[in-house]
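This is what each chain is made of:
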Amino acid sequence: MNEPTRPLPRANELDTQEFWAATKNKELRYQQCDGCNTVVFYPRRHCTGCTSGNLTWKLSKGFGTVYTFSVVRQSYHPFFRGKVPYAVAWIELEEGPRILSNVIDVDDPLVDVQISMKVELVWEEHEEINIPLFKPVD
Amino acid sequence: MKQRDAAIVGIHEYQSRDVEGKVSALQIKAESAARALEDAGLSWSDVDAIYDAGDGGGMNGLTIAEYFGLKPTVIDTTNVGGSSYEFHAAHAKRDIASGKANAALLTYGSTAHSNARAIGVGGAGGAGRHPADNMDVFSGMTLVANYAMVAHRHMHDYGTTSEQLAEISIATRCHAMRNPDAVRAMEDLEFLDIRETTIDDVTNSRMIADPLHLLECCMISDGGGAVVIASPEVAKNCRKTPVWVLGSGEATKYPQAGGDITASAGAYSGAQAFGEAGITPAEIDIAMIYDSFSITVMVLLEDLGFCKKGEGGAWVEGGRLRFDRPSDGPALNTDGGGLSSNHPGMRGIFLLIEAARQLRGESCSQVPDAKLAVAHGNGGMLGSRHAAGTIIMGRD
Ligand SMILES: [Zn+2]
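Owing to the predicted nature of the structure, the values given are computational and were not obtained by experimental measurement. Residue positions are given per chain, counted from 1 along the sequence in the order it is written. To label them, take the chains in the order written and letter them from A, then take the ligands in the order written and number them from 1. Local features in this predicted model are restricted to residues of pLDDT 70 or higher, and side-chain atom pairs are both shown and tallied only at a pLDDT of 80 or more, whereas totals for entire chains, interfaces and linings draw on every residue. To get the side-chain values, take all heavy atoms of the structure and skip hydrogens and water.

1. Details of the sheet that holds strand β1 (residues 29-33) of chain A
All names here are of chain A.
Then comes step 1: When DSSP finds at least two bridges between two strands, those strands are taken to pair. Secondary structure elements are defined from DSSP: runs of H or I of at least 4 residues count as helices, runs of E of at least 2 residues count as strands, and each element is numbered from the N terminus. Here we have three strands laid out as an open sheet, ordered β2-β1-β3, and antiparallel in their pairing. Either end of the sheet is taken by a strand with one partner, and the two such strands are β2 (39-40) and β3 (55-59).
Then comes step 2: Bridge analysis of β1 against β2 gives two bridges, and the strand direction is antiparallel. Opposite Q32, over in β2, you have V39 as the bridge partner.

2. Comments concerning the domain arrangement of chain A
All names here are of chain A.
Then comes step 1: The assigned domain composition of chain A is domain 1 (11-59) and domain 2 (61-138).
Then comes step 2: Note that the domain bounds were set by an automatic or database domain assignment. The centre of domain 1, based on its C-alpha atoms, is set 22 Å off from the matching centre of domain 2.
Then comes step 3: With eleven residues of domain 1 in contact, the opposing surface of domain 2 contributes 15 residues.
Then comes step 4: The term buried area denotes the loss of accessible surface (1.4 Å probe radius) that occurs when two parts are joined, taken as the sum for both partners. Considering only the surface of domain 1 that becomes buried against domain 2, K26, L28 and F41 emerge as the three largest contributors, covering 47% of it.
Then comes step 5: By definition, a salt bridge exists where a carboxyl oxygen of Asp or Glu is found within 4 Å of a side-chain nitrogen of Lys or Arg. The interface formed by domain 1 and domain 2 contains one salt bridge.
Then comes step 6: For the salt bridge of E125 with K26, the shortest nitrogen-to-oxygen distance reads 2.4 Å. We call two residues in contact whenever any of their non-hydrogen atoms come within 4.5 Å of each other.

3. Some details on the coordination of the zinc ion
Residues and elements named next belong to chain A.
Then comes step 1: Protein coordination at the zinc ion: the donors are C33 (SG), C36 (SG), C47 (SG) and C50 (SG), at 2.3 Å from the metal.
Then comes step 2: Donor atoms: N, O and S within 2.8 Å of the metal, or within 3.2 Å for Na, K and Ca. Because water is excluded, sites can look incomplete. Square planar and octahedral assignments, for four and six donors respectively, both demand that opposite donors be over 155 degrees apart and that all other angles lie between 65 and 115; tetrahedral needs four donors with all angles between 85 and 135 degrees, and anything else is irregular. Around the zinc ion, the four donor atoms are arranged such that angles at the metal cover 105 to 115°; this shape is classified as tetrahedral.
Then comes step 3: Residue class for C47 comes out buried when judged on its relative accessible area of 8%. Exposed residues in this analysis have more than 50% of their type's maximum accessible area, buried residues have under 20%, and partly exposed residues fall in between, with area computed by a 1.4 Å probe over protein chains only.

4. A few points about the pattern of salt bridges
Then comes step 1: Applying the stated criterion across every chain, the model contains 34 salt bridges over all chains.
Then comes step 2: With a closest N to O distance of 2.7 Å, R98(A) and E92(A) form a salt bridge.
Then comes step 3: Here R98(A) falls in the buried class, since its relative accessible area comes to 11%.
Then comes step 4: When the shortest N-O distance is used, the salt bridge between D157(B) and R153(B) registers 3.1 Å. One end of the pair is D157(B) and the other is R153(B), both in helix α5 (residues 143-158) and four residues apart, which spans about a single turn.
Then comes step 5: The exposure class of D157(B) is partly exposed, given its relative accessible area of 33%.
Then comes step 6: Owing to a relative accessible area of 14%, R153(B) belongs among the buried residues under this scheme.
Then comes step 7: Shared partners join several salt bridges into a network, and the residues in it are E13(B), R17(B), E354(B) and R357(B).

This is how it looks when you write it as structure tokens:
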């Protein structure tokens, strides 16, 4: 039997496909409106701040802070049940968007993950796309 | 109390929480509907409006009327998760007030337990097609973790403790132990230790997703229920005392840059509902608040205005939420709640049912002379995108 794998997004979902395509080049992208400057995230085709906006893809530098997190102790998912305990977190990127992800590369997530700690992007490599995870800033 | 547009006249809570796969969700809905109509002294033919969240499956807007054998002239299929029934009650009040309906039927049925659906810890649900799901799917965020992230930030910002959150669990369990149906539910679902609990019991129970412990998480049961809402003219001839729907509010909230995860859509729906009813939280005797987790209630007590944002921890201390402390503010979830009585996935209908029981004087944990109640449903996930429905209810 194959090893259970992390559940992955669908690369052809129409609102988010450009976001996921950019991850092939290890780029974390978000959208901003040329007209009203609204930052749009999760990705969409329309501006949520105005009705006429043109959205431009921007590149995040990949730095942020942990807005909040939880350490998951119990999961029935075939992949994640082998990963407990692991940290799920809302990461606030310096550019504004909040992204749901994991904080990895810590000895013990129960001790080493804190609200407001600085984190940076680290990519988990997959065949078609890459997954944006975060680790503490050195 | 201003509005006398519509009243809850019939209620039924399906008794079993474990149907062992022998009864379907649709059958639970139909039986509950029949019992609620009997409770009101009405029959199927009196119903002219149907409200349905799709829990019976299929294309519910066109199939549920046939299943019940009705010819409704108002059909509302609002589905906002567990808060659907507060939205339905709000819409029924509106439709009755406008003259479009005279008797509205709300039903719920679920076999979540029989289906062995692990609602709380199943991992992110498949490879979602909705763009929001397509962004979240890789993270392994369980439902419990979603709410736990709210609790963590609440603790960080306001100093709230696990002991304070546990107050919500123990008050609810205290009420559950007085409700024979809740005790049977805990037996059928094989709860290990069926008794009143202490703060230590809660904080010593297994951590599911930090900082939420097992005894801060709702059960996963089968179940269902029904509510009949009618015009004043119909209510006049019903068997039971009318429970008036005095005000309602609806809102949603979702993650935004710079947003505050410790504040829910309930702040908006609550203000609307209290404003429409013309009353204040201080006047409320019964607070039926969706207790998917302890933190849900903590956040909502604040957002509904029982105390200020961030002060919920201190406010709930000392057993304040129990039914036998009426001078200290409202009694919480006097049926035993989703934590200890009934949670088949979308609990919102039970909030209306128990609030109506209290205002009729029929609760197992009756608050003497209860006059005003709030039922607040939270649908979706508190820590990301969710819906809030608030209903204010009162008796003559
Ligand atoms: Zn714009």
